[in-house]
Amino acid sequence: MVRTTAEGNVRVLTLDRPDRRNALDHEALRALESAVSEATEPVVYLHGAGEAFCAGADLDVVETLDAEAASEFAALGQRVATTIERYDGAVVAGIDGAARGGGVELALACDLRVATPDATVAETGVKLGLFGAWGGTGRLPRIVGEGEALDLALSGRTVDAETALRMGLVSRVVSDPRAVADEVAAVDHGALRELKARMRDASDQRTIEDRERAAFARLVEAGEF
């Protein structure tokens, strides 16, 4: 589900369900949470195996959930995103290929999002009668601004890497995002941790997540996927 390797000052985490475009079920989310929690390196590099970064929540799982289970699944995804966001070091998302829905939300929780020229990004939930409920309704407008966030989320449109760069959704477009993790890992580690702690304030995220879970549960109970 999640492969983890230590490479010097970088912990590499690989979402490893390429046959499902690295879609996340309960097991994969828990594995990712554990992998991030157990890492000790100053930098974590998160990427996907195969041709996608992450397709988001596994819809085969979502369609089996009732309202209570949907709320619990949303809470699990939120907890994983929060674990990433609060990591004591920098987390770099290497986006190569498709990032969709919950995959975008995991990337939003990272400190840096670095795309390859082949990357595409979309919040496609509205096309399925859903929306991202892993903290994205708070993080997306905070990162790209309310106007761009609403454009992405309400249309469900797909943007390419250069458009994502222009919006501020990713910070760089490079051929090798892994090299950016090495670049960050080369700075003073104490300064890195202190700077991140000062710049990352998600004090209102809990309220946003409570509302997300409730709305997601209502949509899952009412919808057909």
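Anyway, here's the lowdown on the structure attached to this text. Here the structure is a predicted model, which is why all the values come from computation and not from measurement.

Attention now goes to the layout of surface pockets. Within this model, the second largest pocket holds a volume of roughly 390 Å³. Those elements giving two or more residues to the lining of the second largest pocket turn out to be helix 2 (59-62) and helix 4 (102-109). Tallying contributions element by element places helix 2 first for the lining of the second largest pocket, with three residues. Across the lining of the second largest pocket, the residue classes tally to 11 nonpolar, six polar and seven charged.

All told, the structure shown has 19 salt bridges when counted by the stated rule. Across the pair Arg3 and Asp16 runs a salt bridge, and its minimum N-O distance is 3.0 Å. You can see Arg3 sitting in strand 1 (residues 2-7) and its partner Asp16 sitting in the loop between strand 2 (10-15) and helix 1 (26-38), a full 13 residues away along the chain. For Arg3, a relative accessible area of 43% corresponds to the partly exposed category. Measuring nitrogen to oxygen at the nearest pair gives 3.0 Å for the salt bridge that ties Glu183 to Arg172. With Glu183 in helix 8 (residues 177-185) and Arg172 in strand 10 (residues 172-173), the pair connects residues that are 11 residues apart, well separated along the chain. When its relative accessible area of 43% is taken as the criterion, Glu183 is described as partly exposed. A cluster of three or more residues bridged by salt bridges with shared partners is formed by Arg17, Arg20, Asp25, Asp58 and Asp60.

What counts and what doesn't
Residues numbered from 1 in each chain as written. Predicted model: local features only at pLDDT ≥ 70, side-chain atom pairs only at ≥ 80, totals over all residues. Heavy atoms only, no water. 1 Å grid on protein atoms, 1.4 Å probe; cavity = no way out; pocket = protein on both sides within 12 Å on 5 of 7 lines; lining within 4 Å. Points joined across faces, edges and corners; volume = space filled by probe spheres on them. Helix = DSSP H or I, 4+ residues; strand = E, 2+ residues; numbered from the N terminus. Nonpolar A, V, L, I, M, F, W, Y, C, P; charged D, E, K, R; others polar. Salt bridge = Lys/Arg side-chain N within 4 Å of Asp/Glu carboxyl O. Buried < 20%, exposed > 50% of the residue type's maximum accessible area, 1.4 Å probe, protein only.

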